[in-house]
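Residues per chain, in single letters:
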Amino acid sequence: MIVFDLQCRDGGEIFEAWFRSSTEYEEQRAAGIVQCPFCQSANVEKAPMAPRLPRKGSDNPLARLAALQSEMLKGSRWVGDRFAETARAMHAGEMEREQVHGNATLEQAKSLVDEGVPVAPLPLPVRPPSQIN
Ligand SMILES: [Zn+2]
């Protein structure tokens, strides 16, 4: 069953009507069986769709950022406080390169950048996986 919002072209009333299928609606309308419940006019058509409003909160920029960040970190390994040494070791070729994220002090971050280690600050603080459970 599908429901359509129909509009009476004579009176302008909008009402819901159920049909087994879109085809059944077309057939019944062509046959004049679909009638306005208010004035019994068979001159009805599908009402223009009401614009769908976004759910509350989905437009929150912080929520969008958080979603983006969790997408970014999907393939990334949490290394916690060992971030600076891990990033340095990977940069030096002592470790296999992979995407990692973790904690670094401002000092550590600055010296990593000075050493040419490609690091980027995350837009939002990350909770270590051990704290998520
Ligand atoms: Zn009507």
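Higher on the page you've got the structure.
Right, let's walk through the structure included here. Just so it is clear, the structure is predicted and the values come from calculations on it, not from any experiment.

1. Focus: the overall build of the chain
A count of helical and extended segments in the chain gives five helices and five strands. Mapped from its N terminus to its C terminus, the chain presents α and β elements in the order β-β-α-β-α-β-α-β-α-α. For the chain, with 133 residues in total, the buried portion stands at 23%. Put simply, of all contacts in the chain between residues at least 6 apart along the chain, 44% involve residues at least 24 apart. Accessible surface, the chain: about 9,900 Å² in total, of which carbon and sulfur atoms supply 53%.

2. Remarks on unusual backbone geometry
The backbone of Gln-40 sits at a positive phi, close to 60°, despite the residue not being glycine. Within the secondary structure, Gln-40 sits in the loop between helix H1 (22-30) and strand E3 (44-46). Accessibility expressed as a relative area gives 47% for Gln-40, which makes it partly exposed.

3. Digging into the coordination of the zinc ion
Geometrically, a metal with four donors at the corners of a regular tetrahedron has ideal angles of 109.5 degrees, and one with six donors at the corners of a regular octahedron has ideal angles of 90 or 180 degrees. Within the protein, Cys-8 (SG), Glu-13 (OE), Cys-36 (SG) and Cys-39 (SG) serve as the donor atoms for the zinc ion, at 2.3 to 2.4 Å. If you look at the zinc ion, its four donor atoms make angles of 87 to 143° with each other, and the shape they trace is irregular. Mapped onto the polypeptide sequence, the residues donating to the zinc ion form the spacing pattern C-x4-E-x22-C-x2-C. On the criterion of sequence distance, the pair formed by Cys-8 in strand E1 (residues 2-8) and Cys-36 in the loop between H1 and E3 is long-range, its members being 28 residues apart. The pair formed by Cys-8 and Cys-36 is uniform in burial state, with each residue classed as buried.

4. Things to note about the pattern of salt bridges
Oppositely charged side chains can form a pair if their charged atoms are brought close together. Counted according to the given criterion, the structure contains five salt bridges. A salt bridge links Arg-20 to Glu-24; its shortest N-O distance comes to 3.1 Å. Residue classification places Glu-24 among the buried positions, given a relative accessible area of 14%. Glu-71 serves as the salt-bridge partner of Lys-74, at 3.4 Å between the closest nitrogen and oxygen. Of the residues examined, Glu-71 reaches a relative accessible area of 48% and is grouped as partly exposed.

5. Looking at the sheet that holds E3
The three strands lie next to each other as E2-E1-E3, forming an open sheet whose pairing is antiparallel. Strands with a single pairing partner mark the edges of an open sheet, and in this sheet they are strand E2 (14-19) and E3. Strand after strand, the sheet turns through a mean of 45° between neighbouring axes, direction not considered. Both E1 and E3 contribute to a ladder of three bridges, which runs antiparallel. Following the sheet pairing, Gln-7 is matched in E3 by Glu-45. H1 contacts E1, E2 and E3 of the sheet and is inclined by roughly 160° relative to E3.

6. Description of a nonpolar patch on the surface
A grouping of Met-1, Val-3 and Trp-18 is seen on the molecular surface, where their side chains present a nonpolar patch of about 360 Å² in accessible area. If you trace the backbone, Val-3 turns up in strand E1.

Thresholds, definitions, all that
Residue numbers restart at each chain and count upward from 1, following the sequence in its written direction. Two thresholds apply to this predicted model, a pLDDT of at least 70 for residue-level local features and 80 or more for giving and counting side-chain atom pairs, whereas whole-chain, interface and lining totals are computed over all residues. Only hydrogens and water are removed before side-chain values are computed, so all heavy atoms of the structure are retained for them. The secondary structure listing takes helices from DSSP runs of H or I that are at least 4 residues long and strands from runs of E that are at least 2 residues long, numbered from the N terminus. Throughout, exposure labels follow a simple rule: accessible area from a 1.4 Å probe, protein chains only, divided by the maximum for the residue type, with under 20% read as buried, over 50% as exposed, and the rest as partly exposed. Any two residues having at least one pair of non-hydrogen atoms within 4.5 Å are treated as being in contact. Method for areas: the Shrake-Rupley scheme with a 1.4 Å probe, in which residue coverage is limited to the protein chains shown. Here the coordinating atoms are restricted to nitrogen, oxygen and sulfur within 2.8 Å of the metal centre, or 3.2 Å for Na, K and Ca, and because water is not among them the sites may look incomplete. By the criteria applied here, four donors are tetrahedral when all angles lie between 85 and 135 degrees, four are square planar and six octahedral when opposite donors are over 155 degrees apart and every other angle lies between 65 and 115, and any other arrangement is irregular. A side-chain nitrogen of Lys or Arg and a carboxyl oxygen of Asp or Glu constitute a salt bridge if their distance falls within 4 Å. A pair of strands is labelled paired if DSSP reports no fewer than 2 bridges between them. Whenever a helix is involved, its axis is fitted only over the stretch in contact; in every case the axis is a line through C-alpha atoms, and angles between N-to-C directions fall within 0 to 180 degrees. Each patch is built from residues lacking any salt bridge and having more than 30% relative accessible area; the joining distance is 9 Å for like charges and 5 Å for nonpolar side chains (Val, Leu, Ile, Met, Phe, Trp, Tyr).

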